[in-house]
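A structural walkthrough
Here's the letter readout for the chains.
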Amino acid sequence: QVQLVESGGGLVQAGGSLRLSCAASGRTFSRYAMAWFRQVPGKERVLVAAISWNGGVTYYADSVQGRMTISRDNAKNTVYLQMNSLKPEDTAVYYCAADRNSGSMQLQLRVYDYWGQGTQVTVSS
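As the structure is a prediction and not an experimental result, all values here were calculated from the model.

Our next topic: the state of the cysteines. Inspection of every chain in the model, using the stated rule, returns 1 disulfide. Put simply, Cys22 and Cys96 are joined by a disulfide, and their sulfur atoms are 2.0 Å apart. The S-S bond linking Cys22 to Cys96 shows a torsion near 50°; that makes this disulfide right-handed. Of this pair, Cys22 sits in strand S3 (residues 18–24) while Cys96 sits in strand S9 (residues 92–99), placing them 74 residues apart in sequence. The class of Cys96 is buried, set by a relative accessible area of 0%.

Structure, rendered in structure tokens:
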């Protein structure tokens, strides 16, 4: 069993930055593909960024390309999402997720087995 705990969310003005962290329990974290999703009320959860087991392959949604960076530190069992130039439309609950079945980067929500509890990001205009 893997537990994921997000932190780093909060309220920020448009144009500002936040760094989200997701700390994972367990000794097999380094084998898992990881991702960040986000969700707003009444809408489906959508992929923001994904990363392979060693950080060698990453993916970004078009809406965040160039503004957000996903990274991981396997020694610390942690994945990060650096968010810059934030916009009001980035307001959402952000979730990290782990795919225990593959170290390759995954884009589909349904393949992720473990989820954090989410952290709220609010960007004011």
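Time to look at the side chain of Glu6. Secondary-structure assignment places Glu6 in strand S1 (residues 4–7). Arg45 provides the closest opposite charge to the buried, unpaired Glu6, separated from it by 7.3 Å. A polar contact is formed between the side chain of Glu6 and the backbone nitrogen of Cys96, at a distance of 2.9 Å. A polar atom in the side chain of Glu6 sits 3.0 Å from the backbone nitrogen of Gln117. When residues no more than four places from it in sequence are discounted, the contact partners of Glu6 are Ser21, Cys22, Trp36, Tyr94, Tyr95, Cys96, Gly116, Gln117, Gly118 and Thr119.

Alternating residues of strand S11 (residues 119–124) divide into Thr119, Val121 and Val123, all buried, and Gln120, Thr122 and Ser124, none buried. One ladder, built from 4 bridges, connects strand S2 (residues 10–13) with S11; its direction is parallel. In the sheet register, Leu11 faces S11, and the bridge partner there is Thr122. Sheet analysis places S9 next to S11, joined by 3 bridges and oriented antiparallel. Pairing of Tyr94 across the sheet is with Thr119, part of S11.

Residues other than glycine seldom take positive phi values, yet Asn77 does so here, at roughly 55°. Considering the arrangement of structural elements, one finds Asn77 in the loop between strand S7 (68–73) and strand S8 (78–83). With a phi angle near 45°, Ser85 is a residue other than glycine that sits in the positive phi range. A relative accessible area of 41% means that Ser85 is categorised as partly exposed.

The rules behind each value
Residues numbered from 1 in each chain as written. Predicted model: local features only at pLDDT ≥ 70, side-chain atom pairs only at ≥ 80, totals over all residues. Heavy atoms only, no water. Disulfide = S-S within 2.5 Å. Helix = DSSP H or I, 4+ residues; strand = E, 2+ residues; numbered from the N terminus. Buried < 20%, exposed > 50% of the residue type's maximum accessible area, 1.4 Å probe, protein only. Lys, Arg positive; Asp, Glu negative; His and termini not counted. Salt bridge = Lys/Arg side-chain N within 4 Å of Asp/Glu carboxyl O. Polar contact = N/O pair within 3.5 Å; in protein donor to acceptor, adjacent residues only side chain to side chain. Contact = heavy atoms within 4.5 Å. Pairing = 2+ DSSP bridges.

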